[in-house]
Amino acid sequence: QVQLVESGGGLVQDGGSLRLSCKASGTIFSINTMGWYRQAPGKQRDLVATITSDSSTDYLDSVKGRFTISRVNPKNTVYLQMNSLKPEDTAVYYCNVDRVRGPWGIMGSLWGQGTQVTVSS
């Protein structure tokens, strides 16, 4: 019913920038929270940034001032602009949407397939 399609990952040098995109497709009335998480090899999946339907944001401390999350509600799309990237940002980045409302009712948390971000030193 709802699918998430991510794009924008890749390989970048230390100090570089990347922009991730995630679009939720399907018959969607509203999405409460959209966000990005990341998981490095051998580590747990961590919250990177979230944004609510009223544009309240939350960030992982280590990315504050470097990453910016935004969303376009009519397009059901969330973006993550990542600047001043560091090797420790290397991970698989996952899009997440929470409380998606559609003609079927309300769906809980949904994850994208993940996109690799690699920052070389």
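Thresholds, definitions, all that
- Residues numbered from 1 in each chain as written.
- Predicted model: local features only at pLDDT ≥ 70, side-chain atom pairs only at ≥ 80, totals over all residues.
- Heavy atoms only, no water.
- Helix = DSSP H or I, 4+ residues; strand = E, 2+ residues; numbered from the N terminus.
- Rg over C-alpha atoms; globule rule 2.2 N^0.38 Å.
- Buried < 20%, exposed > 50% of the residue type's maximum accessible area, 1.4 Å probe, protein only.
- Contact = heavy atoms within 4.5 Å.
- Phe/Tyr/Trp six-rings, centres within 6.5 Å; stacked < 30°, edge-to-face > 60°.
- Lys NZ or Arg CZ within 6 Å of the ring centre and 35° of its normal.
- Pairing = 2+ DSSP bridges.
- Axes fitted to C-alpha atoms, helices over the stretch in contact; angles between N-to-C directions.
- Disulfide = S-S within 2.5 Å.

> An account of the overall build of the protein chain is requested, with residue identities and associated values reported.
A tally of helices and strands in the protein chain yields zero helices and 12 strands. Put simply, the protein chain runs from its N terminus to its C terminus through helices and strands in the order β-β-β-β-β-β-β-β-β-β-β-β. The C-alpha atoms of the protein chain give a radius of gyration of 14 Å, which matches the 14 Å a tight globule of 121 residues would have. With respect to the three principal axes, the spread of C-alpha positions in the protein chain is 50 × 25 × 20 Å. The buried share of the protein chain, reckoned over its 121 residues, is 42%.

> Please give an account of the environment of serine 30 that cites residues and values.
With respect to the secondary-structure elements, serine 30 resides in strand β4 (residues 30-39). For serine 30 and isoleucine 51, which are 21 residues apart along the polypeptide, the C-alpha to C-alpha distance reads 13 Å. In this structure, serine 30 is in contact with Arg99, Val100 and Arg101, ignoring residues within four places of it in sequence.

> Pulling in residues and values, what's your account of the packing of aromatic side chains?
Scanning the model with the defined rule gives one aromatic pair in all. Here tyrosine 37 and tryptophan 111 contribute two aromatic rings whose centre-to-centre distance is 4.9 Å and whose plane-to-plane angle is 70°, an arrangement assigned as edge-to-face. Residue tyrosine 37 is found in strand β4, and its partner tryptophan 111 is found in strand β11 (residues 110-111); the two are separated by 74 residues along the sequence. Its relative accessible area of 19% is what places tyrosine 37 among the buried residues. Positioned above the aromatic ring of tyrosine 79, the side-chain terminus of arginine 19 is 4.0 Å from the ring centre.

> Mind laying out unusual backbone geometry, listing which residues take part and the relevant values?
The phi torsion at serine 55 lies on the positive side, around 70°, for a residue other than glycine. In this structure, serine 55 sits in the loop between β5 (46-52) and β6 (57-59). The partly exposed category is assigned to serine 55, whose relative accessible area is 48%. Residues other than glycine seldom take positive phi values, yet serine 84 does so here, at roughly 50°. Here serine 84 shows up in the loop between β8 (77-82) and β9 (91-102).

> Explain the sheet that holds strand β3 (residues 18-25) residue by residue, including any values.
One open sheet holds the four strands; their spatial order is β1-β3-β8-β7, and the pairing between them is antiparallel. A single partner strand is all that each edge strand has here, and the edge strands are β1 (3-7) and β7 (67-72). The mean angle between the axes of side-by-side strands here comes to 15°, regardless of whether they run parallel or antiparallel. Sheet topology places β3 next to β8; six bridges connect them, and they run antiparallel. Bridge pairing in β8 links cysteine 22 to valine 78.

> Got a sec to walk through the state of the cysteines? Specific residues and values, please.
Evaluated as defined, the whole model comprises one disulfide. In this model, cysteine 22 is linked to cysteine 95 through a disulfide, with the two sulfur atoms separated by 2.1 Å. Judged by the sign of its S-S torsion, about -80°, the cystine formed by cysteine 22 and cysteine 95 is left-handed. Of the two residues, cysteine 22 is situated in strand β3 and cysteine 95 in strand β9; the sequence distance between them amounts to 73 residues. The burial state of cysteine 22 is the same as that of cysteine 95; both residues are buried.

Keep in mind these values describe shape, not function.
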